[in-house]
Structure formats: C-alpha cells, structure tokens
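Remarks on the overall topology
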Amino acid sequence: MAGTQDLERWVNECAEMTRPDRVRWCDGSQAEYDQLVAEMLRDGTFIELNQRTHPGAYLHRSHPSDVARTEDLTFICTPEREQAGVTNNWMEPGEAKTMARGLFKDAMRGRTMYVVPYLMGTPASPFAKVGVELTDSPYVVANMRLMTRMGQVALDHLQKTGEFAPGLHSLGDLDPKRRFILHFPHERLVWSVGSGYGGNALLGKKCLALRLASWMAHEEGWMAEHMLILGLEDPRGEVTYVAAAFPSACGKTNLAMLIAPLSQAGYRVWTVGDDIAWMRIGPDGRLWAMNPEAGMFGVAPGTNDATNHNALAMTTHDAIFTNVAMTPEGEPWWEKLTATPPAGLIDWQGHPWDPSAGPAAHPNARFTASAAQCPSISPHWEDPQGVPISAILFGGRRAHVAPLVYQAFSWQHGVFVGATMASETTAAATGDVGIVRRDPMAMRPFCGYNMADYFGHWLEMGQRIPNPPQIFHVNWFRKGPDGSFLWPGYGENIRVLRWILDRVHGRATAISTAIGAIPSPESLDLTGLDLNPAKVNALLEIDAAEWQTEANDIGTFLNTFGSHLPPELRAEQAALIQRLG
Ligand code: OXD
Ligand code: MN
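In this numbering scheme, every chain counts its residues from 1 along its sequence in written order. Going through the entries in the order they are written, you letter the chains from A and number the ligands from 1. For this predicted model, a pLDDT threshold of at least 70 governs which residues receive local features, and a threshold of 80 or more governs which side-chain atom pairs are given and counted, while totals over whole chains, interfaces and linings are taken from all residues. Values reported for side chains reflect all heavy atoms of the structure, with hydrogen atoms and water molecules removed beforehand.

**Some thoughts on the packing of aromatic side chains**
Applied cut-off: Working definition: a ring pair exists when centres of Phe, Tyr or Trp rings (six-membered ring for Trp) sit within 6.5 Å. Plane angles under 30 degrees give stacked, over 60 give edge-to-face, the rest tilted. Working definition: with a 1.4 Å probe on protein chains only, accessible area under 20% of the residue-type maximum means buried, over 50% means exposed, and in between means partly exposed. Only DSSP runs of H or I covering at least 4 residues are called helices, and only runs of E covering at least 2 are called strands; the numbering of each starts at the N terminus.
Taken as a whole and judged by the stated rule, the model has 19 aromatic pairs. With a centroid separation of 6.0 Å and an interplanar angle of 75 degrees, the aromatic rings of Phe184 and Trp191 are classed as edge-to-face. Trp191 shares its class with Phe184; the two are buried. Seen in terms of ring centroids, Phe455 and Phe561 are 5.3 Å apart; in terms of plane orientation they differ by 70 degrees. Their pairing is edge-to-face. Of this pair, Phe455 sits in helix α12 (residues 451–464) while Phe561 sits in the loop between α15 (544–559) and α16 (567–580); the two residues are 106 residues apart in sequence, bridging distant segments of the chain.

**Concerning empty space enclosed by the protein**
Going by this rule: Cavities and pockets are found on a 1 Å grid laid over the protein atoms alone: a cavity is a set of points where a 1.4 Å probe fits but cannot escape, a pocket is an open set with protein on both sides within 12 Å along at least five of seven lines, and a lining residue has an atom within 4 Å of such a point. Grid points are joined across faces, edges and corners, and a volume is the space filled by probe spheres set on the points. When residues are grouped by polarity, Ala, Val, Leu, Ile, Met, Phe, Trp, Tyr, Cys and Pro land in nonpolar, Asp, Glu, Lys and Arg in charged, and all others, Gly among them, in polar.
All told, the structure shown has four cavities of 30 Å³ or more when counted by the stated rule. Considering only enclosed or pocket space, the largest cavity measures out at about 140 Å³ in volume. Every residue lining the largest cavity is counted, 16 residues in all, and those nearest its centre are Tyr406, Thr420, Trp547, Glu550 and Ile554. Mapped onto the lining of the largest cavity, the elements with two or more residues apiece are α11 (411–419) and α15. Among the residues forming the lining of the largest cavity, the class breakdown is ten nonpolar, three polar and three charged.

**Some points on the sheet that holds strand β18 (residues 295–299)**
Put simply, the rule reads: Strands qualify as paired when DSSP identifies two bridges or more between them.
One open sheet holds the five strands; their spatial order is β2-β3-β19-β22-β18, and the pairing between them is mixed. Bordering the open sheet on either side are β2 (47–48) and β18, each of which pairs with just one other strand. Relative to strand β22 (residues 366–370), β18 runs antiparallel, the two sharing five bridges. Within β22, the residue paired with Val299 across the bridge is Arg366.

**Topic: the nonpolar core**
As a reminder, the rule being used: Residues belong to a common nonpolar core when they are buried Ala, Val, Leu, Ile, Met, Phe, Trp, Tyr or Cys residues joined through side-chain atoms within 4.5 Å. Working rule for contacts: check all heavy atoms of both residues, and any pair within 4.5 Å makes them a contact.
One finds Met279, Ile392 and Trp458 to be the most contacted residues of the largest nonpolar core, which totals 153 residues. Considering each element in turn, this core owes the most residues, nine residues, to helix α8 (residues 204–220). Once residues within four sequence positions are removed from consideration, Trp458 is found in contact with Met223, Glu225, Met227, Ile392, Phe394, Trp411, Val415 and Met441. Phe104, Leu134, Leu158 and Phe180 belong to the second-largest nonpolar core, a separate cluster that totals 32 residues.

**Re the coordination of the manganese ion (ligand 2)**
Angles between donor atoms at a metal ideally measure 109.5 degrees for a four-coordinate tetrahedral arrangement and either 90 or 180 degrees for a six-coordinate octahedral one. Keep this limit in mind: Metal sites are built from N, O and S donor atoms within 2.8 Å, or 3.2 Å for Na, K and Ca, and they leave out water, so they may look incomplete.
Distances from the manganese ion (ligand 2) to its protein donors, Lys206 (NZ), His226 (NE2) and Asp275 (OD), fall at 2.2 Å. Within one chain, the residues serving as donors to the manganese ion (ligand 2) are arranged as K-x19-H-x48-D. Remark: His226 occurs in the loop between β12 (223–225) and β13 (228–233) and Lys206 occurs in helix α8; sequence separation between them is 20 residues. Judged by its relative accessible area of 5%, Lys206 falls in the buried class.

**Re the domain arrangement of the protein chain**
We count it as follows: Note that the domain bounds were set by an automatic or database domain assignment. Computed with a 1.4 Å rolling probe, the buried area is the accessible surface lost when two parts are put together, summed over both parts. When a carboxyl oxygen of Asp or Glu is within 4 Å of a side-chain nitrogen of Lys or Arg, the pair counts as a salt bridge. Within 3.5 Å is the distance limit for a polar contact, defined as a pair of N or O atoms, with the added protein rule that one can donate a hydrogen and the other accept it, and that residues adjacent in sequence qualify only through two side-chain atoms.
Taken domain by domain, the protein chain holds domain 1 (3–46 + 68–221), domain 2 (225–294 + 379–580) and domain 3 (296–373). The gap between the C-alpha centroids of domain 1 and domain 2 is 31 Å. Tallying the contact residues gives 40 residues for domain 1 and 37 residues for domain 2. Between domain 1 and domain 2, roughly 3300 Å² of surface is buried when both sides are summed, and carbon and sulfur atoms account for 54% of that area. Taken as a group, Thr87, Phe127 and Leu210 account for 19% of the area that domain 1 buries against domain 2, more than any other trio of residues on that side. One can count five salt bridges joining domain 1 with domain 2. Across the pair Glu293 and Lys205 runs a salt bridge whose closest N-O atoms are separated by 2.9 Å. The interface formed by domain 1 and domain 2 includes 21 residue pairs in polar contact (both at pLDDT 80 or more). Counting residues per element, the ones that place at least two in the side of domain 1 that touches domain 2 are α3 (81–84), β6 (112–120), α5 (138–147) and α8.

**Side note on the site of ligand 1**
Here is the rule: The nearness test applies per residue and asks whether one of its heavy atoms lies within 4 Å of the molecule or strand. Using a 1.4 Å probe, accessible areas were evaluated by the Shrake-Rupley method; residue-level cover was limited to the displayed protein chains.
Around ligand 1 sit Arg69, Lys205, Lys206, His226, Ser248, Asp275, Phe297, Arg366, Ala428 and Phe446, and that is every residue in its neighbourhood. A distance of 2.9 Å separates an oxygen atom of ligand 1 from a polar atom in the side chain of Arg69. Take His226: an N or O atom from its side chain is 3.3 Å from an oxygen atom of ligand 1. Across the complex, the protein chains shield 95% of the 210 Å² of accessible surface that ligand 1 would expose by itself. Of the residues contributing to the shell around ligand 1, the split by class is three nonpolar, two polar and five charged. No fewer than three residues from each of domain 1 (3–46 + 68–221) and domain 2 (225–294 + 379–580) sit in the shell around ligand 1.

**Observations concerning the pairing of strand β16 (residues 277–281)**
Remark: a regular strand shows side chains that alternate across the two faces of the sheet. Judged by how many residues are buried, β16 sits mostly within the fold: four of five residues are covered. As paired elements, β12 and β16 share three bridges and run antiparallel to each other. When the sheet's bridge partners are listed, Glu225 is paired in β16 with Ala277. Relative to strand β17 (residues 287–290), β16 runs antiparallel, the two sharing four bridges. Residue pairing for β17: Met279 is matched across the bridge by Ala289. Taking the residues that link successive antiparallel strands as the turn, the β16-β17 hairpin has five residues, and the phi of Gly285 there is positive, at about 85 degrees.

**Here we look at the side chain of Thr307**
Mapping Thr307 onto the fold places it in helix α10 (residues 305–314). Take Thr307: its relative accessible area is 14%, and that puts it in the buried class. At a separation of 2.8 Å, a polar atom in the side chain of Thr307 contacts the main-chain carbonyl oxygen of Gly302. In this structure, Thr307 is in contact with Asn254, Gly302 and Tyr490, ignoring residues within four places of it in sequence.

**Here we look at the side chain of Thr426**
Following the sequence through the fold, Thr426 ends up in the loop between β25 (422–424) and β26 (436–438). Looking at Thr426, its side chain comes within polar contact range of the main-chain oxygen of Ser248, at 2.9 Å. The contact partners of Thr426, leaving out residues within four places of it in the chain, are Ser248, Ala249, Cys250, Arg397 and Val433.

See the structure below:
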C-alpha cells in the first residue's frame, strides 16, 4: 500500500471488521511505553519482576497452548499453489480472506486496536522498509517497541517513501483451531489471528522481514535471510564480517554475542544482528548485510554466564521475559541459569514448581531486549549500507554425519550445501523435538515463495556478486559413541571462526575431501582444550558410508521440488556421489 491516505483507509476498514472499542495510534515514545506497561501491570498481562535487580523488566505468561511458532497454521497465499512451493502450506488468497474474515469479525470488541507503524532497518538506510501492524495485544506493542524502530520515525519514513506493508493481528480467542498466520506476498500483506506468540504476532520479524521480504528480495535482486551477522576482530584490530544461518534455537544468538575465552586473546566478536540479514551487492562488488531489527527475541533456557554472558547482561534491565520461571525474590529463572534451581520457584504457568511435572521455564521461553543494550553490539550495527560479508556459514544440530566445519568448493557448491542442510528440530516451533529434517538455509519455515525458485535466486545472486563471500558449513553438535557432545561449543566456537577467518584471508591450510575442505591438523588452534586426537578425528571425520546414505537422502529430498529445481543442484549431488567414489 502507498501513502498516509491509504493507511487511514485501511485502518478504518480493519476497525469496521474487528470493531475495537477504541483505536490508538502509537508514537513509540517512552511515555506511551510506560503507560502501556502500567496498564498491563494492572490487568495482569505483565508481572513486575524485581525492580532492584532487574529495573524495567517484566514477565508475561502466555496461554499454555500459545508458546511457539505454529508452522502447520502458517500459510503463503498466492494465486497459484506452485508459487508457494512444496515446503509451504498454501491457500488461495480469496479463500484465505473469506475464511479469516470470519475470525476477525468483531474480534476486537471490548479491546483497543493499536496502530503500530514501524521501520525495519535504520532510518538513515535507503533499504529500510515501513510496516504497520494493527493489533489488539498491548504485549505485542511493547515487544514491537523493543524489536523495531516504532512510531513517529516510521510515519516520517512513510511520508518520504510512500510505501508500507500492512499487517493485521488479533489475539482472537487464542484457540489453536482458529489460529492462522496468513501471508499475501503479492500484496505485501499479513493477517495473523489466534496467537500472541512472538514469531506469530510480532509481524515485523518472521512475517515481514523474512517471508514477505524474501519474495521482495527475489523480485528486486537482493537477499532476506535467517542469519546472524557478526564481526570478528583479530589481534591486529581488523574486523571480518560473517553471516550465519542456523535453524531456530540452534545457538544463533549465542554465536552472535560470543565472548572469546582467555586462551584466544586478541580475538573479539562484535554483534551486528542475531536473527535476520538483509543483503545487497555493494558498489564495491561485495555482499553487504544489514540487520533490519532493533532488538533481540532470544531463547532464555540454557543462557547463563558461561554460555552467553552478554545476553544476561543485556537483559538485567528494560527487558520483557515470556514464560520464564520466577524466584521468590521476583527474579527471572530458567533451566541452566544456575547449576541448581533456587527453592520456591514459580513455574512458567504461575504455579509453585513441581520438578516432576516438567521444566520450570518453558523450553521456548524468551527474552526481548533492545539490541543497543548488548555489550558486544558493533559500532557499525546501524550503518545505513550494512557491513561487508566475507563468509557465509550454514549449520545445524546434527549428532552424526556432519563434521565440525568444512568449506564449500565454490558459491554453487555452497548453495547446494545450504539447500540440503539438515538439523534436529527444536522447541521454537510446535511439534516433535529432535527429529532430523532438511531445513534449507534455515529458511524452510520462512521462505515466502517456492523454495526451488529461492535456490535459483541464490544461484543467480552468485552470478551477480563480483566478489562473493566464501561458504562454510559448521556443526557444533556432533556426538561420540557414548552420546556426549564431542565439541565444547559456546565460547570455544571462536576457534572455528578463527579458521574461517584465516581461510578467507588465505592464511589457513585445508584438506580437500569429497564434501569440501576441512582444517588440516595444524591449522585449527586447539591448544588448551581437553580434546585427545581420537576426539579431534571423530569431530572432523567424514564417514564414506554415512555420506553415501546422506547423498542418496539428499537426492530424495531434491526430488520433492519437481520441475522448479535448478539443474545445478542435481549436478552438485551427482558430483558429490562421484567424489565419494
Ligand atoms: C526465532 C525463530 O524466534 O527462529 O527467531 O523461531
Ligand atoms: Mn529465528
């Protein structure tokens, strides 16, 4: 949609349909936020946490059936089914709207409709995009204020560009049977009803910045990816930027904020973004990435001083916690925050915690905080053009098969590696946890069009980038025969980042294998780690039999894409089989 008149007309139309008691235009100011918080504290939407230890921090407990993204209720609505492709649920746009109108009708009676203008990207960036979300959830408004540049700044941008992506959201009755997340990429439109969960309800994030943006990027010649962006500073002070795609809840936030252990003195990670990268070819022929978000919506369980000190530091004030547990002192708590749980915990549903009934915090409990509060935030995180990317990492959670790290032979081979990457499912989406599924570029739940065409777009970008990033695959989660992790992970991942950095700068050696180049023994610095040579071998091992099964499985996976599959990916699979001998 274009212009402020269109905006007003659309707001009126939506109010006609949903019948809120009042409509409130949000300006994004601190006073407005404070007022919203006060209202939510009064009606129980927010619970005040200990304001001495966590000033400005609040707890929200969601409906117990509304705790994660619902991929089975998420639809791409394009005129033809083929345009959505085999990895997406599809509905014909007219049918989808007729169905959803029934759910939106009168849905906001007794509630306020908040008009939330927001900007994805910094105001100074020529690539920033305006969205407007209409929602009846004050919790969503408060989160949007932390996650985006919200309010007047977005309206000012709209005045300049005359364009915005509309999104209508209502909690509805929170019944999963009446929950739908509908995307209309050709109209840049989202309708979301029946859920208050972040990924379903904060429409700037997964809905606009990934699903709609991936389609816009296809049309306009750029890339919208489910990637963190970090800068790795070496002892000489030179910073090399990396973008990395891992499926949800596989450690993107931790890697983006990694603190190098003492033994790796002189290396330092700067955080640019933890979830989404918008990438464009710069005038210098490199790929430049920007973080369209202004905040982080991270998984809390597992976060502690050792795994992610920076995330803890950024959430000790002015943060929203969702579905965490609470100590008797009113402090947030989740599994692994401390070695032993404190006595007297209140669980995520508000009851005294009974350890036999499950974890105290929901496994997908979240924190929301402004990115500016992150101690490792890069001085360049708001640069209008973004930062130049030297390496792209793909990765997953795989107990077997995938070695710690390998480098693709070329951009085309790297696209194949990304397109066929696999990972065990996590609690970030509803469904079984721990099943291996292929999640191309970690975009399976977020690609707003036919994924085979998306592969084609990646290949085409490779043709157009004069100086493309090198592509790597990493796996921190490989397990030994006794079922324990082989690699210490977390801060020690800096060692793998160092190898990648050295490869990019032509300083590290590698051994060419059937699947790509792995570190030569002397090129990966493992000093000080308790890793015997057998463990190192197991971490880097490429088991020919396992990989033959993998290559065949990849073939079956590629078959599911039918005629849209770019032939280059088939050729890469054939070449892999041939190299495996
Ligand atoms: C997220 C997700 O919340 O990927 O970032 O689910
Ligand atoms: Mn994500």
